[in-house]
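Given next are the chains, with one letter for each unit.
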Amino acid sequence: MKRNIFAAILVAGALVATSAAAIDNNGPVDKALAAGVIGEQADGYLGFVRTPTAAQADLQRRINEINIRRRGVFNEAAKVNGETEDRVALLSALRQITKTPNGEYFQDTTRTWCMKSSESQVMQTNDDVVVIRCAPLSKAN
């Protein structure tokens, strides 16, 4: 079962990459990711780091289109592999956030937005638990 889910996630990940970053090709979505306006969420979808403004309506429309395509991919992968859509989306988020460069934003499983760094915790444990956490806060001396 675990092997089937992994295969589904590879397929879903490839389709998600095709439906988002590859289609944008250094366009508004890629630029917004790099600028910290939007980021990958732990639920598998793209989202705004801060509430979008009226001037960002076109970007919001593009993100909605990408997220609709992602939902379709997650749904199909879930059906094929007897898994829940939420689980497929979470595993896809793990893959996308793992690929996110340091300095770009992501949302962790507590719905907290943070900038990715080498100290961010984005992994799947041996017992199949997905961990997507911001870097631990450093304590003041």
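Quick look at the structure, then.

Thresholds applied
Residues numbered from 1 in each chain as written. Predicted model: local features only at pLDDT ≥ 70, side-chain atom pairs only at ≥ 80, totals over all residues. Heavy atoms only, no water. Phe/Tyr/Trp six-rings, centres within 6.5 Å; stacked < 30°, edge-to-face > 60°. Helix = DSSP H or I, 4+ residues; strand = E, 2+ residues; numbered from the N terminus. Buried < 20%, exposed > 50% of the residue type's maximum accessible area, 1.4 Å probe, protein only. Core = buried A, V, L, I, M, F, W, Y, C linked by side-chain atoms within 4.5 Å. Contact = heavy atoms within 4.5 Å. Disulfide = S-S within 2.5 Å. Pairing = 2+ DSSP bridges. Expected span 1.5 Å × (residues − 1).

A word on the packing of aromatic side chains
No. 1: One pass over the structure, following the stated rule, counts 1 aromatic pair.
No. 2: Between the aromatic rings of Y45 and F74, the centroid separation amounts to 5.4 Å while the plane-to-plane angle is 70°, which identifies the pairing as edge-to-face. Of this pair, Y45 sits in the loop between β1 (38–40) and β2 (46–48) while F74 is found in helix α3 (residues 57–81), placing the two residues 29 residues apart along the sequence.
No. 3: By relative accessible area, F74 is classed as buried at 0%.

A few points about the nonpolar core
No. 1: If you look at the biggest cluster of nonpolar residues, it comprises 12 residues: A42, L90, L91, A93, L94, I97, F106, C114, V122, V130, I132 and C134.
No. 2: Those elements that place two or more of their residues in this core are α4 (85–99) and β6 (130–133).
No. 3: By residue number, the principal contributor to this core is α4, which donates 5 residues.
No. 4: For C114, the contacting residues outside a window of four places in its chain are E104, Y105, F106 and C134.
No. 5: Counting residues in hydrophobic clusters, the runner-up holds 9 residues, among them A32, I38, L46 and L59.

Some details on the state of the cysteines
No. 1: According to the stated counting rule, one finds 1 disulfide in the structure shown.
No. 2: Here C114 pairs with C134 through a disulfide, and the sulfurs are 2.1 Å apart. Where C114 bonds to C134 through sulfur, the torsion about that S-S bond is close to -90°, and the disulfide is left-handed. Remark: C134 occurs in the segment after β6 and C114 occurs in strand β4 (residues 113–115); sequence separation between them is 20 residues. Accessibility classification places C114 together with C134 in one group, the buried group.

Structural notes on the pairing of strand β5 (residues 121–124)
No. 1: As judged from the 4 bridges shared by β5 and β6, these two strands associate in the antiparallel manner. Paired with Q121 across the strands is R133, a residue of β6.
No. 2: Once β5 ends, the chain turns through 5 residues before running back antiparallel as β6, passing D128 with a positive phi of about 75°.

Remarks on α3
No. 1: Taking 1.5 Å per residue as the helical rise, α3 with its 25 residues ought to reach 36 Å, and the 36 Å between its terminal C-alpha atoms agrees with that figure.
No. 2: Every buried residue of α3 is listed here: L59, I63, I66, N67, R70, V73, F74, A77, A78 and N81.
No. 3: G82 lies just past α3 and shows a positive phi near 65°.

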